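Read off the chains here:
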Amino acid sequence: MTTPQYDLSNTLPPHTLTRLAREWLAEDTPNFDPAGLCVGSHEVEARLLCKTPCSMLVGRPFFTAVFTELSCTVEWAHKEGAQLGPNAVTQTAVVRGPARCILLGERPALNCLARASGIATHCSQLQSIAREAGWHGHVAGTRKTTPGFRLVEKYAMLVGSVSIHRQDLSGMVMLKDNHIWASGSITQAVRDARSVCGFSSKIEVECGSREEGSEAATAGADIVMLDNFKPQELHAAAKLLKEEFPSVLIEASGGVTPDSLPQYLSPHVDIISLGCITQGCPVVDFSLKISSSNPNFCVWREREDDEA
């Protein structure tokens, strides 16, 4: 796991970061903050600690955006995409600002960082499995993302070096089984979709057999998704489709896990998408510890990291 070659934070529009930060803060504090009275607005420092060794640090732009909205500053000790560890605890950043403002931003900011870092770490591990096997296709995510959190999760995929697939329904046409059944046939669905999306959008068709894949490719689909195939069935169908339609991309999807991923790798398969990239993905454990100048307290205030 290495730091990405490009600064992918440049893909995030500043106004979008600001909007998201304001929404997250409003969700967590919709009215009064009674606990803010206890700490006041005097200037303090807080250390950001990573407690999951060998994790990727991802989500800095979202973390910083939250605290910027609260007139706080963040000084980072590591670059975006850096691997943290192997120590049990790694100091990752220092946040400075009014005490109550740091505590207002703590949970929303940590949620972003923990989720994005967990997904990126998971993606990097999956990509390593594929590359070590000599496969040069695309490991990809899906639209199975957390509502309202898709940009964070898709960005984490990018930093973790996997394909984000389509960002949303407008990004690419994907005709699934329900579209086919409602249209009457694969050929009709592809024809109807092409009439509105034109030349600028690709069309992908979910297929349950090689015969359906052949119909989709003949109708003009750019990508054929072989859905829920067993590995050996996938290899055979993909080989035949590539021989018949060399320019069509073949995607494997459905039931692929990190453990079974090597079984799906094939020179005839261009893309393998996994819902587990975002569903059930472990998070990275971060915490924020404020330094106390009060001698009656501990030097670092220990707070519960999983509070509601």
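The rules we used
Residues numbered from 1 in each chain as written. Predicted model: local features only at pLDDT ≥ 70, side-chain atom pairs only at ≥ 80, totals over all residues. Heavy atoms only, no water. Helix = DSSP H or I, 4+ residues; strand = E, 2+ residues; numbered from the N terminus. Buried < 20%, exposed > 50% of the residue type's maximum accessible area, 1.4 Å probe, protein only. Contact = heavy atoms within 4.5 Å. Areas by Shrake-Rupley, 256 points an atom, 1.4 Å probe, with all protein chains shown as cover. Pairing = 2+ DSSP bridges. Axes fitted to C-alpha atoms, helices over the stretch in contact; angles between N-to-C directions. Salt bridge = Lys/Arg side-chain N within 4 Å of Asp/Glu carboxyl O. Polar contact = N/O pair within 3.5 Å; in protein donor to acceptor, adjacent residues only side chain to side chain. Phe/Tyr/Trp six-rings, centres within 6.5 Å; stacked < 30°, edge-to-face > 60°. UniProt positions renumbered as here; feature names shortened; annotations may be inferred. Left-handed = near helix turned anticlockwise from the far one by under 90°. Nonpolar A, V, L, I, M, F, W, Y, C, P; charged D, E, K, R; others polar. Disulfide = S-S within 2.5 Å.

1. Structural notes on the overall build of the protein
Each helix and strand in the protein was counted, giving 10 helices and 12 strands. Overall size of the protein, expressed as C-alpha extent along the three principal axes, is 75 × 40 × 30 Å. Counting only residues that meet the buried cut, the protein has 48% of its 308 residues in that class. Contacts spanning at least 24 positions in sequence make up 69% of the contacts within the protein whose residues lie at least 6 apart. Of the roughly 15400 Å² of accessible surface on the protein, a fraction of 54% belongs to carbon and sulfur atoms.

2. Considering the sheet that holds strand β8 (residues 203-207)
Strands sit in the order β6-β11-β10-β9-β8-β7 across an open sheet of 6 strands; the sheet is parallel. The open sheet has two edge strands with one neighbour each: β6 (138-140) and β7 (173-175). Between one strand axis and the next, the sheet turns through 20 degrees on average, direction left out of account. As paired strands, β6 and strand β11 (residues 271-273) are joined by 3 bridges and run parallel to one another. Across the sheet, Ala140 pairs through a bridge with Ser273, a residue of β11. Lying on the sheet, helix α8 (residues 210-219) is in contact with β8 and β9 (223-227); it crosses β8 at an angle near 160 degrees.

3. Structural notes on the environment of Ser161
For Ser161, the location among the structural elements is in the loop between α5 (150-159) and β7. Each C-alpha atom of the pair Ser161 and Ala26 lies 32 Å from the other, and the pair is 135 residues apart in sequence.

4. Quick notes on the pattern of salt bridges
Counted according to the given criterion, the structure contains 10 salt bridges. A salt bridge links Arg19 to Glu23, with the nearest nitrogen and oxygen atoms 3.2 Å apart. One end of the pair is Arg19 and the other is Glu23, both in helix α1 (residues 14-28) and 4 residues apart, which spans about a single turn. Overall, Arg19 belongs to the partly exposed group, its relative accessible area being 42%.

5. Some thoughts on the environment of His42
Here His42 shows up in the loop between α2 (36-39) and β1 (43-50). The spacing of His42 and Cys101 is 59 residues in sequence and 9.8 Å in space, taken between C-alpha atoms. In this view, His42 contacts Gly97, Pro98 and Ala99; residues no more than four positions away in its chain are not counted. Looking at His42, its side chain comes within polar contact range of the main-chain oxygen of Val39, at 3.0 Å.

6. Considerations on the packing of aromatic side chains
According to the stated counting rule, one finds 5 aromatic pairs in the structure shown. Relative to Trp76, the ring of Phe63 lies with its centre 5.3 Å away and its plane at 65 degrees, an arrangement referred to as edge-to-face. In this pair, Phe63 is assigned in helix α3 (residues 60-68) and Trp76 in strand β3 (residues 73-76), connecting sequence segments 13 residues apart. We classify Phe63 as buried; its relative accessible area is 0%. Aromatic rings pair up to connect Trp24, Phe62, Phe149 and Tyr155 into one cluster.

7. Some thoughts on the UniProt feature "domain: Quinolinate phosphoribosyl transferase C-terminal" (unreviewed entry) in the protein
UniProt records the feature "domain: Quinolinate phosphoribosyl transferase C-terminal" (unreviewed entry) for residues 119-289 in the present numbering. Secondary structure within residues 119-289 divides into 42% helix and 16% strand; the distance between the first and last C-alpha atoms comes to 24 Å.

8. Here we look at the packing of helix α4 (residues 99-132) against α5
Pairs of packed helices are described in terms of their axes, by the angle between the two and the distance that separates them. Remark: α4 packs on α5, axes separated minimally by 8 Å, with the N-to-C direction vectors making an angle of 35 degrees. Between α4 and α5 the crossing geometry is right-handed. Counted together, Cys112, Arg115, Ala116, Ile119, Ala120 and Cys123 of α4 and Val152, Glu153, Ala156 and Met157 of α5 form the full contact between these two elements. Residue classes in the contact of α4 with α5 are distributed as 8 nonpolar, no polar and 2 charged.

9. What to know about the state of the cysteines
By definition, a disulfide links the sulfur atoms of two cysteine residues through a covalent bond. Counting across every chain of the model gives 0 disulfides. In this model Cys207 remains outside any disulfide bridge; the closest cysteine sulfur is found in Cys197, 16 Å from its own. No disulfide involves Cys276; its sulfur sits 8.2 Å from the nearest other cysteine sulfur, which is in Cys281.

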